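Residue-level listing of the chains:
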Amino acid sequence: MQNQVAGNQCTADIAREQTKRRIYTAILGEIVSGTLAPGHRLKGDHLAHTYKVSRTPIREILIALEKDGLVERIRNRGATVISFTPDDLEELYDIRSSLECLAVRRAVPHMPLNGLLELEQRLVAVAGRHGPRWTQRRAELDLDLHRFIVSHSRNRRLVKYHENIILLPQSLRLVGYREDEDKFVRDSAQEHLMIVRALLRRDSQLAERLLAEHIETGKRKMLELFYKRRETCEKL
């Protein structure tokens, strides 16, 4: 009975996190596109009604957006959208690259073999698959891999700093994904597989180089998507 209750609670927690991430990504997409321009006020009641949730998850999402430098929260005035530019995106990826390259150097000796083998199996399973459902799975697997690397760095502050910035680039990728970009998603998954296999060989130098190249490629692609999405919205 207790196991069933715990399982139900775990399922509910996962569902809440998925809902928050969906709403975060939706608001992020409107900020990136310019639909929500700098200075636009985000009202909790309106957002709760729009996304059919209570005020609690909306408050948590606004806090996350503030941490990511996308909104400014002022006491008794709610949240206001602030500008998000290509320079902000580039800085974010550069910080992420520095953190993850440091993490992989520290983490290689401590990564459990079974965890790496599981990641390899999951990456092989999604190889060659097409369509939005598989794009979503690859995005989730991407997040799992990067968190796996950082979590084994045995540096709690590094883990905390990384967690503070990882959601934004991941959500930006989901905002930018389209069917004609599926090749990029598959190429990214292949890069992940190469990183995991370098980690399985305990080759820290190769893993770090592959990881840095992977993040740099992601940065370039996301800058392209950023401009493309902004231009598309300006033409509407």
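Residues numbered from 1 in each chain as written. Predicted model: local features only at pLDDT ≥ 70, side-chain atom pairs only at ≥ 80, totals over all residues. Heavy atoms only, no water.

What is the right way to read the overall build of the protein from this model?
Assigned secondary structure in the protein consists of 9 helices and 3 strands. Ordering the α and β elements of the protein from the N terminus gives α-β-α-α-β-β-α-α-α-α-α-α. The 236 residues of the protein split such that 44% are buried. Look at the contacts in the protein between residues 6 or more apart in sequence, and 75% of them connect residues 24 or more apart. When the accessible area of the protein is evaluated, it comes to approximately 13400 Å², of which 51% is carbon and sulfur surface. (Helix = DSSP H or I, 4+ residues; strand = E, 2+ residues; numbered from the N terminus. Buried < 20%, exposed > 50% of the residue type's maximum accessible area, 1.4 Å probe, protein only. Contact = heavy atoms within 4.5 Å. Areas by Shrake-Rupley, 256 points an atom, 1.4 Å probe, with all protein chains shown as cover.)

What is the right way to look at the packing of helix α2 (residues 44-51) against helix α3 (residues 55-67) in this model?
How two helices pack is summed up by the angle between their axes together with the distance between the axes. Axis separation between α2 and α3 bottoms out at 9 Å; the angle between their running directions is 115 degrees. In this view, α2 runs roughly perpendicular relative to α3, as classed from their interaxial angle. Taken as a pair, α2 and α3 cross one another with a handedness that is right-handed. Contacts from Gly44, Asp45, Leu47 and Ala48 in α2 reach Arg55, Ile58 and Leu62 in α3. When grouped by side-chain class, the residues that make up the contact of α2 with α3 number 4 nonpolar, 1 polar and 2 charged. (Axes fitted to C-alpha atoms, helices over the stretch in contact; angles between N-to-C directions. Parallel < 35°, antiparallel > 145°, perpendicular 65-115°, else oblique. Left-handed = near helix turned anticlockwise from the far one by under 90°. Nonpolar A, V, L, I, M, F, W, Y, C, P; charged D, E, K, R; others polar.)

Could you clarify how one ought to interpret the sheet that holds strand β3 (residues 78-81) in this entry?
One key point about sheets: their strands pair by backbone hydrogen bonds, in either a parallel or an antiparallel sense. Pairing in this open sheet of 3 strands is antiparallel, and the strands run β1-β3-β2 from one edge to the other. For this open sheet the edge positions go to β1 (41-42) and β2 (71-74), each flanked by a neighbour on one side alone. (Pairing = 2+ DSSP bridges.)

Is there a simple way to think about the pattern of salt bridges in this case?
Charged atoms that come close allow side chains of opposite charge to pair. Counted under the stated rule, the structure contains 14 salt bridges. The shortest N-O distance in the salt bridge between Arg73 and Glu66 comes to 3.2 Å. Taken together, the salt bridges that share partners define one network made up of Glu90, Asp94, Glu216 and Lys219. (Salt bridge = Lys/Arg side-chain N within 4 Å of Asp/Glu carboxyl O.)

Would you mind showing me how to read the nonpolar core here?
Nonpolar side chains tend toward joint burial in soluble globular proteins. By size, the foremost hydrophobic cluster in this structure holds 59 residues, and its most contacted members are Ile27, Leu42, Leu70 and Leu199. Per-element tally for this core: the top contributor is helix α9 (residues 204-235), with 9 residues. Sequence-distant contacts of Leu70, defined by excluding residues within four places in its chain, comprise Tyr24, Leu28, Ile31, Leu65, Thr80, Val81, Ile82, Phe84 and Leu168. (Core = buried A, V, L, I, M, F, W, Y, C linked by side-chain atoms within 4.5 Å.)

What am I meant to see in helix α4 (residues 86-107) here?
Count 3.6 residues to each turn of an α-helix, and residues three or four apart come out pointing the same way. Compared with the 32 Å implied by 1.5 Å per residue over 22 residues, the 31 Å span of α4 between its first and last C-alpha is a close match. For α4, every residue scored as buried is listed here: Leu89, Leu92, Tyr93, Arg96, Ser97, Leu99, Glu100, Cys101, Ala103, Val104 and Ala107. (Expected span 1.5 Å × (residues − 1).)

In this structure, what is going on with the layout of surface pockets? I would like to understand it.
The gaps of empty space that remain are located by a probe, the size of a water molecule, rolled over the atoms. By volume, the largest pocket is sized at about 740 Å³. Along its surface, the largest pocket is lined by 25 residues, and Glu17, Lys20, Arg21, Arg147 and Leu167 are the ones closest to its centre. When residues of the lining of the largest pocket are traced back to their parent elements, those giving at least two are α1 (2-33), α3, α6 (132-151) and α7 (156-176). By residue number, the principal contributor to the lining of the largest pocket is α1, which donates 8 residues. Forming the boundary of the second largest pocket are Leu42, Lys43, Gly44, Arg55, Ile58, Arg59, Leu62, Arg73, Ile74, Arg75, Gly78 and Ala79. Contributing elements (two or more residues each) for the lining of the second largest pocket: α3, β2 and β3. When residues in the lining of the second largest pocket are grouped by element, the largest group, 4 residues, is from α3. When its residues are assigned to classes, the lining of the second largest pocket shows 5 nonpolar, 2 polar and 5 charged. (1 Å grid on protein atoms, 1.4 Å probe; cavity = no way out; pocket = protein on both sides within 12 Å on 5 of 7 lines; lining within 4 Å. Points joined across faces, edges and corners; volume = space filled by probe spheres on them.)

Would you explain the pairing of β3 in this entry?
On a regular strand, one side chain projects to one face of the sheet and the next to the other, so that they alternate. With 2 bridges joining them, β1 and β3 adopt antiparallel strand pairing. For Arg41, the partnering residue across the bridge sits in β3 and is Thr80. Sheet topology note: the β2/β3 ladder contains 4 bridges and is antiparallel. Bridging from a neighbouring strand, Val71 pairs with Val81 of β3. Between β2 and β3, which follow one another and run antiparallel, lie 3 residues, and Asn76 among them has a positive phi close to 70 degrees.

Help me understand α2 in this model?
Considered for burial, the residues of α2 that qualify are Gly44, Leu47, Ala48 and Tyr51. Buried residues of α2 fall within an arc of 100 degrees about the axis and therefore sit on the same side. Of the residues in α2, the exposed ones pointing more than 90 degrees away from the buried face are Asp45, His46 and His49. (Arc of directions from axis to C-beta.)

Note that all results are geometric; they support no functional claim without further evidence.
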